[in-house]
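Close look at the chain arrangement
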Amino acid sequence: ILKSAHVICQAFKITPKSSRNHGTVKFRERAAAPSRRQHNTSIMPTQNIIRRGAVEAATAAAAATTTKTSTTTRTTTTKTTITTTTTTTTTTTTTTTTTTTTTVPIRNLVKDRKSKTQSTTYIYQTPIMKLTHLTYSLTFLTVILSCTESSNENTQEENAQTNIIPVGYTDQELDWMSYTPEVFEKAENEQKLVLLEVGANWCHWCHVMDDSTYANVKVQNFLKKNFVLSREDQDSRSDLYAAYKPWGWPAIIVQNEKGEDLMRLKGYQHRKGFLKNLQAVLDNPTPLGEAERETKKEFSASAQLLADQFEARIDHKKGGYPWNNKFIQVPGILQGIKTYENPKMKAWTDKTIKASYNLVDPAWSGVYQYSAKKSWTNQHFEKLLKIQAEYIEAYALYAANTGDKIALEKAEGIVAYCVRFFGNESPLFYNSQNADLISGVHSEEYYQLSEKERLEQGVPSVDEHIYLKENCQMARSLLYLWAASDDEKYLEMSEQMLDEILMKYRTSSGLFMRELGVKNIFSFEDNRRLVELLIMHAQLKGNQSYLASAQSLSLEMYQQFKSENGMLSAVGDKSVLPTIVDHDNLSAAITYNFLYHVTGDKKIADISKEIYEKTDKAAQQEIMGRLPVLQMADEQLNTEPFHAVLLTDGTNSKLGKDFYKKLLLHPSQYIIFEYLQIREMTEEQQMMYGGLPAGTLFMCTSSYCSAPMYDVESLERFLASV
């Protein structure tokens, strides 16, 4: 019946609802809106960018299976096409190159892959001749229910191949402004409201909004008449990311000329509902109420209670958390490793890690952002650098503490993906790769293809912006992978990334910029992540310069980001909506406390306590994924760490690295590693450590020191005992 209905629809040029735009239709490959981040649409995925040999082993297998290098570039013309260039290279000193260029509609390529005999020509056949009277009635009932009210619109496929813009739509772009004070000045002068859209260049539904809702003539006319339009990328605006992250992307916010929120909309908006909601806020432009931080609940939970709550609330059946979206987080995996002797937590940790392998791209590696519908197999295919870093660290910790070799292989594969697709001439990495081959058109079938089949169609675009926080996370994760794999190239990559940041991202304000050249907005979390990375490298090599930089930066951050209720998410002339993110403040309390124990600076200890006291811990306790972080903060701010003291004469760096690896991978994450130069010991230190050779390690607290240890095996036994 459905097939017959479709035949009739085609015969009369009527579009079935299933083919119309309900958030998935791409009318044509249109230029992005002015402030939507542009992508690199001509990435060459098979031209590996090998930096310091980091992925030679990971790409050797792919190189051995082919003698051809296919470089596929997706271009935008009046008709969506793919241009494929094939280059064949001989193994002698003489290279012969043959280049063939073909232009084929992308829809045809997908169709041919599905079925070589599939035809797009519909032949009208009257279904009445083949159906009984009952089927006749059901058929036309189906036609009525499945067809649209308009007979002028074409199907998505026809639009893509003929470049027809449907009636009621336009290829004219809206006039978007950057989100600056000028937006509110214009709104006040023109007596309009502000409509702010916060999105992301990798965001599928943002592109769908561009090509459907925002392309609708009625929507455009309504917006132009009543609103000053502003659009920003959440990756570049840390203040907006912090303020509207709970609404997802795109987040659509209507504000008055004072910047007060009047309405917040979450995700994709169909044109009819969108216009209805906008009219409602025009009719009643009342500011939304904000929760008062002063009314926060008392928090008195112990670390053990938090651990028990975490165990009780996680998804023991499927792994991960019982949320709609499935993904992993390092604090949760660490908690699982710390409680691995508990059979339930062991089973959950193992299940979560193994289930998460479904998010690793089988062709190119790299991790998809998450999986929806409470399943690990309903992937959302965008790949973000910060997600890659999260999984590298989690897999490295899991592999090191359980001996799981697959997790280690997955982590190394993710690095290989990042070098290949996000690598560039600098040691730092690009930000993300789009989920869609064609922006706004879902690409699930594309990700089921082999590498060769993908390259025949094209490669999803890559956002070439380089951001501080994400690269600090990546450099940190490479340290964990170095420790777990014992491969020096990962350490070298991390060191070079840190040195590049210190050389190019520092500003005269004392803070570090999120993106090169952007000095009018600074992110608290970007700078905190850098402090964290500096501490790790300072401990590894006993580098006092790194430690001094971490100390001075942390104090500068406090001066510039502090507020009555905690640390602001962003500062600077461009920071319009700085907010207080309790989760980031909780992490900051941990970072400052750790830095205090490394440096002994009492001012930093006081800052840590102040941030912790101002954090709404009771609210964090309600969020399952924050429980391990809350537990870590409670433990670390109320106990002293072990200090691993290594006696050195400056010649035993190899042994120092080996000791640090074991400490770095320990699930407590609360051990300070420091070098003590024998020739610089104080009189008190001489009494404690004098006469012992270089390479001797002690594990000490303020009231206790272990027996001397001379090798990694002794350290392992000590850690197992405590």
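I will try to describe carefully the structure that is included in this document. (Residues numbered from 1 in each chain as written. Predicted model: local features only at pLDDT ≥ 70, side-chain atom pairs only at ≥ 80, totals over all residues. Heavy atoms only, no water.)

The next thing to look at is helix H11 (residues 303-313). Those residues of H11 lying buried are Ala303, Leu306, Ala307 and Phe310. The arc that holds every buried residue of H11, seen down its axis, measures 100°, which confines them to one face. Opposite the buried face of H11, at more than 90 degrees from it, the exposed residues are Gln304 and Ala312. Packing partners of the buried residues in H11 comprise helix H12 (330-338), helix H13 (343-356), helix H23 (617-621) and helix H24 (627-638). (Buried < 20%, exposed > 50% of the residue type's maximum accessible area, 1.4 Å probe, protein only. Helix = DSSP H or I, 4+ residues; strand = E, 2+ residues; numbered from the N terminus. Arc of directions from axis to C-beta. Contact = heavy atoms within 4.5 Å.)

Attention shifts here to the nonpolar core. Formed by 157 residues in total, the largest nonpolar core has its most connected members in Tyr244, Trp249, Tyr395, Phe422, Phe429, Met474 and Met699. In this structure, Trp249 is in contact with Val198, Gly199, Trp202, Cys203, Cys206, Gln234, Leu240, Tyr241 and Tyr244, ignoring residues within four places of it in sequence. Grouped together as the second largest cluster of nonpolar side chains are 21 residues, Leu193, Leu195, Val254 and Tyr268 included. (Core = buried A, V, L, I, M, F, W, Y, C linked by side-chain atoms within 4.5 Å.)

Quick look at the environment of Glu232 now. Its location among the elements puts Glu232 in strand S5 (residues 227-233). For Glu232, a relative accessible area of 7% puts it in the buried group. Between the C-alpha atom of Glu232 and that of Ala200, which follows or precedes it by 32 residues, the distance is 8.1 Å. Apart from residues no more than four positions distant in its own chain, Glu232 is found in contact with Ser178, Tyr179, Glu197, Val198, Gly199, Arg237, Leu240 and Lys574.

Moving on: the state of the cysteines. The full count for this structure, using the stated rule, is two disulfides. Cys203 shares a disulfide with Cys206; S-S distance 2.4 Å. Judged by the sign of its S-S torsion, about 85°, the bond between Cys203 and Cys206 is right-handed. Note on Cys203: relative accessible area 4%, which makes it buried. (Disulfide = S-S within 2.5 Å.)

With that out of the way, let us pick up the packing of H12 against helix H14 (residues 385-402). Two quantities define a packed helix pair, namely the angle between the axes and the distance from one axis to the other. Relative orientation of the contacting elements H12 and H14 amounts to 10°, with a least axis distance of 9 Å. It follows from the interaxial angle that H12 and H14 lie roughly parallel. Facing Val330, Pro331, Ile333, Leu334 and Ile337 of H12, the residues of H14 in contact are Glu390, Glu393, Ala394, Leu397, Tyr398 and Asn401. Across the contact of H12 with H14, the residue classes tally to eight nonpolar, one polar and two charged. (Axes fitted to C-alpha atoms, helices over the stretch in contact; angles between N-to-C directions. Parallel < 35°, antiparallel > 145°, perpendicular 65-115°, else oblique. Nonpolar A, V, L, I, M, F, W, Y, C, P; charged D, E, K, R; others polar.)

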